[in-house]
Amino acid sequence: MTPVLKLSSQSIIFGNSSPSETITVESNYPWKISCDQSWIKFSPSTGDGNVVVNISGDSNLGEVERNANLIFTIGKEGSKSFLRKVVKITQSFPQLTIATDYINFEKSISSQSFAITSNTNWTIQIPSSITWLSVDKTTGSGNSQAIFSVTENSGGDRSADVTIAYADKSTI
């Protein structure tokens with residue numbers, strides 16, 4: 001019998017945070033899986049016939065995209081029944097950009113919108129000692145707008161450093 005090894009995908013693109021995907025294996029021989037990177041997990045690692053394989057990855061907290069090869073094989077290398085197929089996995093890294101480095105407000109009560117462009121989860125942190133500044137959302141994921149509001153200022157100039165944290169990084 002001629003060996004058959006069909007995979008539902010030849011490549012996977014993972015987001016940077018706790019990614020997961022499935023691949024369907026169709027085979028008429030027992031098969032096994034290996035991977036060249038330890039951040040990829042899969043189950044089951046062996047099978048016989050048609051099976052759905054669950055694939056997951058650790059979150060990528062680095063500053064570069066990373067790649068892995070998921071290797072499916074049938075038979076012993078060198079034998080007539082040997083088949084090998086590789087699924088390329090690419091995982092993005094966390095990114096976040098903000099529309100501006102600062103926002104100026106007038107002395108009166110006011111609000112301003114602030115654009116966040118991101119491919120990951122993020123949080124906005126205002127120091128607890130800053131009671132005159134608030135934001136409509138303190139957490140989010142992906143691209144969003146945050147609205148900062150200030151109370152009336154009857155005194156001198158005031159300022160605050162606001163932190164936007166994402167992955168294991170932050171920007172002020």
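Small disclaimer: the values here were computed from a predicted structure and weren't measured.

**Here we look at the overall build of the protein**
For step 1, the next point in the chain: In terms of helices and strands, the protein carries zero helices and 17 strands.
For step 2, the next point in the chain: Taken over the C-alpha atoms alone, the protein extends approximately 85 × 20 × 20 Å along its principal axes.
For step 3, the next point in the chain: Residues counted as buried form 31% of the 172 residues belonging to the protein.
For step 4, the next point in the chain: Expressed as a percentage of contacts within the protein between residues at least 6 apart in sequence, the contacts between residues at least 24 apart total 57%.

**Points about the sheet that holds strand β10 (residues 96–98)**
For step 1, the next point in the chain: Read across the sheet, four strands follow the order β10-β11-β15-β13 without closing on themselves; strand pairing throughout is antiparallel. Bordering the open sheet on either side are β10 and β13 (133–135), each of which pairs with just one other strand. Across the sheet, the axes of successive neighbouring strands diverge by a mean angle of 25 degrees, strand direction being ignored.
For step 2, the next point in the chain: In this structure, strand β11 (residues 110–118) lies alongside strand β15 (residues 144–150), joined through seven bridges in antiparallel fashion. Following the sheet pairing, phenylalanine 114 is matched in β15 by alanine 146.

**Some points on the sheet that holds strand β5 (residues 40–43)**
For step 1, the next point in the chain: Strand order in the open sheet made by the four strands is β1-β3-β7-β5, with antiparallel pairing throughout. Of all strands in the sheet, those with a lone pairing partner are β1 (5–7) and β5, marking the two edges. Across the sheet, the mean angle from the axis of one strand to that of its neighbour is 25 degrees, orientation sign disregarded.
For step 2, the next point in the chain: Sheet analysis places β5 next to strand β7 (residues 51–57), joined by four bridges and oriented antiparallel. Bridge pairing in β7 links phenylalanine 42 to isoleucine 55.

**Digging into the environment of phenylalanine 82**
For step 1, the next point in the chain: Mapped onto the secondary structure, phenylalanine 82 falls in the loop between β8 (66–74) and β9 (83–91).
For step 2, the next point in the chain: The spacing of phenylalanine 82 and valine 4 is 78 residues in sequence and 9.9 Å in space, taken between C-alpha atoms.
For step 3, the next point in the chain: Excluding residues within four positions of it along the chain, phenylalanine 82 makes contact with Thr73, Ile74, Gly75, Lys76 and Glu77.

Scoring rules and cut-offs
- Residues numbered from 1 in each chain as written.
- Predicted model: local features only at pLDDT ≥ 70, side-chain atom pairs only at ≥ 80, totals over all residues.
- Heavy atoms only, no water.
- Helix = DSSP H or I, 4+ residues; strand = E, 2+ residues; numbered from the N terminus.
- Buried < 20%, exposed > 50% of the residue type's maximum accessible area, 1.4 Å probe, protein only.
- Contact = heavy atoms within 4.5 Å.
- Pairing = 2+ DSSP bridges.
- Axes fitted to C-alpha atoms, helices over the stretch in contact; angles between N-to-C directions.

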